Amino acid sequence: MKPPLPPPSSSSVLRKARLSPYFHTLLTFIAFVVLLYCEDFLSIFGHGSKLVPTQPVSETGEETTSSTALPFAKGKLANEGCDIFSGRWVRDELNRPPYEESECPYIQPQLTCQEHGRPDKEYQKWRWQPYGCDLPRFNATLMLEALRGKRMMFVGDSLNRGQYVSMVCLLHRILPENAKSLETSVDQSLVVFRAKDYNASIEFNWAPFLLESNSDNAIVHRVADRMVKKDSINKHGKNWKGVDILVFNTYLWWMTGQKMKFLKGSFDDEKKDIEELVTEEAYRVAMKSMLKWVRKNMDQNKTRVFFTSMSPLHIKSNEWGGEPGGNCYNETTLIGDPNYWGSESKSIMQVIREEFSKSRYPITFLNITQLSSYRKDAHTSIYKKQWTPLTPEQLANPASYADCVHWCLPGLQDTWNELLFAKLFYP
């Protein structure tokens with residue numbers, strides 16, 4: 001039990017009296033602070049006593065939301081509500097094409113339409129104009145500066161390889177000859193373009209299903225009985241580790257018109273354990289695997305992942321009101337119907353929508369299908385390197401060997417990269 005306190009002495013009373021001026025000063029200071037910051041106190045205690053964090057302010061003085069800021073972002077489009085994938089094609093004689101075919105030595109011979117005799121250049125003169133806003137002009141210097149010390153990789157099939165080559169063509173022009181190089185693996189499954197002064201690489205990885213398959217040979221891959229291995233994303237995924245910007249695509253190789261065969265064991269097994277899935281469910285397996293890999297291996301605070309939607313075909317001219325039996329051969333004009341949609345699978349688009357909506361990692365979707373569907377004029381058609389001699393029957397009917405899948409460069413796929421550029425820097 002504590003002893004009772006002694007009665008206050010006169011000296012202690014005097015000490016309290018001498019402290020009173022400091023006490024009054026403290027009260028005055030507290031009153032001043034309350035008056036000065038009363039709005040802040042109200043904002044704090046007026047929300048159920050929960051702190052309300054202020055938004056960070058950008059260099060322009062505008063508020064930004066740190067939780068939604070994406071890596072590589074430089075700002076916002078003037079009209080934030082603008083859908084850059086909704087618009088129309090306009091002729092632009094002044095700014096198109098962004099480079100000449102002869103200026104880019106990296107274009108593969110199956111995409112060099114002028115070199116292989118295409119008589120017109122009209123397909124090169126079109127620029128995509130979104131409704132309600134303008135696309136930022138592609139800036140090669142800005143792109144390379146953003147890639148300084150980093151890696152960008154396109155992963156998928158030959159259509160994604162076309163987009164990859166387009167990106168290289170858009171960038172290489174500002175680099176001195178001795179400051180760039182292109183390397184290809186023996187099996188051509190990996191292609192690496194290096195911008196040496198930037199310590200940057202733009203790469204391509206052949207993986208038409210994203211998962212391991214019997215079509216993984218980038219040179220010899222036309223397999224009649226296509227087969228994909230379950231739970232095999234790491235076969236190609238080992239090449240994606242450490243990449244800062246990933247651009248995926250996969251679609252065309254799934255569209256066999258038959259059920260997709262999934263292998264549960266090894267391709268080397270004499271007796272194979274195979275499960276068959278309808279196209280949509282097979283595609284869903286690939287999307288789930290890709291998203292799981294991205295979540296485990298990509299840091300959303302430092303990296304970006306894009307997914308390019310399906311590239312449209314123009315193999316049936318009756319779909320756009322043309323002559324029966326025709327295709328993209330001899331087509332030099334655009335489809336004018338803004339509601340036109342060809343034979344591309346809307347059920348696959350639905351699978352993408354469903355799976356991406358569940359993703360914990362933000363995927364930027366490059367919705368190029370509709371805008372590309374108007375471009376029946378932009379395919380390589382017959383103006384490409386033919387790897388096997390044409391028969392007299394084919395020569396008599398050019399439409400029979402016209403390629404209505406791939407696209408001439410320069411051309412449509414440069415627009416895909418302009419859209420990627422816009423989404424990378426102004427999401």
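Per chain, residue numbering runs from 1 following the sequence as it is written. It should be noted that, the model being predicted, local features are given only for residues of pLDDT at least 70 and side-chain atom pairs only at 80 or more, the latter also being counted only at that level, while totals for whole chains, interfaces and linings use all residues. Side-chain calculation: all heavy atoms of the structure are included, whereas hydrogens and water are not.

Engineer: Even after reading the chapter, I still don't get the confidence of the model for the protein chain, so can you show me in this structure?
Structural biologist: Parts of the model with low pLDDT should not have their predicted coordinates read in detail. The predictor rates its confidence in each residue with pLDDT, a number between 0 and 100. Looking at the protein chain as a whole, its pLDDT mean stands at 85, while 84% of the residues score no less than 70. Contacts for the low-pLDDT stretch residues 1–19, under 50 throughout, to residues beyond four places or in other chains number 1 contact. Segment residues 32–67 is flagged for pLDDT under 50; beyond a separation of four residues in sequence, or across chains, it makes 19 contacts in the model. Whether two residues are in contact is decided by their heavy atoms, any of which lying within 4.5 Å being enough.

Engineer: Even after reading the chapter, I still don't get empty space enclosed by the protein, so can you show me in this structure?
Structural biologist: It is the rolling of a water-molecule-sized probe over the atoms that shows where space remains empty. Of the grid points, spaced at 1 Å and generated over the protein atoms alone, those admitting a 1.4 Å probe that cannot get out make up cavities, while open sets with protein on both sides within 12 Å along at least five of seven lines make up pockets; any residue with an atom within 4 Å of a point is treated as lining. Grid points are joined across faces, edges and corners, and a volume is the space filled by probe spheres set on the points. If you walk through the whole model with that rule in mind, you get 2 cavities of 30 Å³ or more. What lines the largest cavity is D157, L159, N160, N249, Y251, L252, T308, S309, M310, S311 and W416. Residue composition of the lining of the largest cavity, grouped by class: 5 nonpolar, 5 polar and 1 charged. Considering only enclosed or pocket space, the second largest cavity measures out at about 50 Å³ in volume. What lines the second largest cavity is R96, P97, P98, Y123, Q124, W126, R375, P410, G411, L412, D414 and T415. When residues of the lining of the second largest cavity are assigned to their parent elements, the largest contribution, 3 residues, is made by helix α10 (residues 412–425). When residue character is reported, Ala, Val, Leu, Ile, Met, Phe, Trp, Tyr, Cys and Pro are called nonpolar, Asp, Glu, Lys and Arg charged, and the others, Gly included, polar. Runs of H or I in DSSP of at least four residues are treated as helices and runs of E of at least two as strands, each being numbered from the N terminus.

Engineer: Would you explain the pairing of strand β11 (residues 304–308) in this entry?
Structural biologist: Consecutive side chains along a regular strand alternate between the two faces of the sheet. The cut-offs for exposure are 20% and 50% of the maximum accessible area for each residue type, with area from a 1.4 Å probe on protein chains only; residues under the lower value are buried, those over the upper are exposed, and the others partly exposed. In terms of residue burial, β11 counts as a mostly covered element, since 5 of its 5 residues are buried. Where burial is concerned, the two faces of β11 agree: the one with R304, F306 and T308 and the one with V305 and F307 are both buried. Strands are labelled as partners when DSSP assigns at least two bridges between them. Direction of pairing for β11 relative to strand β12 (residues 363–366): parallel, over a ladder of 4 bridges. Bridge pairing links F306 to T364 in β12. Classification remark: right-handed applies to a crossover when, strands pointing away from the viewer, the course from the first strand over the helix to the second runs clockwise. What joins β11 to β12 is helix α7 (residues 346–356), and the crossover it makes is right-handed.

Engineer: Please explain the pattern of salt bridges as it appears in this structure.
Structural biologist: Between side chains of opposite charge, a pair can form when the charged atoms approach closely. Throughout this description, the term salt bridge denotes a Lys or Arg side-chain nitrogen within 4 Å of a carboxyl oxygen of Asp or Glu. If you walk through the whole model with that rule in mind, you get 23 salt bridges. Here R151 ties to E203 by a salt bridge, and the two come within 2.8 Å at their closest N and O atoms. Separated by 52 residues along the polypeptide, R151 in strand β3 (residues 151–156) and E203 in strand β6 (residues 200–206) bring together distant segments of the chain. The closest approach of N and O atoms between K288 and E355, which form a salt bridge, is 3.3 Å. Of the two residues, K288 sits in helix α6 (residues 279–297) while E355 sits in helix α7, which places them 67 residues apart along the sequence.

Engineer: Where do I start with the side chain of T308 in this structure?
Structural biologist: With respect to the helices and strands, the residue T308 is situated in strand β11. Among the residues examined, T308 registers a relative accessible area of 4% and is labelled buried. Identification of polar contacts relies on pairs of N or O atoms within 3.5 Å, with a donor-acceptor requirement for protein atoms, meaning one able to donate a hydrogen and the other able to accept it, and with residues adjacent in sequence counted only if both atoms are side-chain atoms. Only 3.3 Å separates the side chain of T308 from the side chain of Q163, close enough to count as a polar contact. Non-local contacts of T308, meaning those with residues more than four positions away in its chain, are made with N160, Q163, V247, F248, N249, L366, I368 and W416.

Engineer: When you look at the state of the cysteines in this model, what are you seeing that I'm missing?
Structural biologist: Throughout this description, disulfide means a covalent bond between two cysteine sulfur atoms. In what follows, a disulfide is any cysteine sulfur pair within 2.5 Å. Across all of its chains, the model carries 4 disulfides by this definition. With a sulfur-sulfur separation of 1.9 Å, C82 is cross-linked through a disulfide to C133. Taking the sign of the S-S torsion, -60° for the link of C82 and C133, the bridge is left-handed. Linking C82 in the loop between α2 (38–45) and β1 (87–91) with C133 in the loop between β2 (126–130) and α3 (140–146), this pair joins segments that are 51 residues apart in sequence. Each disulfide pairs two cysteine sulfurs, and for C104 the partner residue is C169, the sulfurs being separated by 2.0 Å. An S-S torsion of about -85° defines the bridge between C104 and C169 as left-handed. Of the two residues, C104 sits in the loop between β1 and β2 while C169 sits in helix α4 (residues 158–172), which places them 65 residues apart along the sequence. Exposure class is identical for C104 and C169. Each is buried. By sequence order of its bonded cysteines, the protein chain has the disulfide arrangement 1-4, 2-5, 3-8, 6-7.

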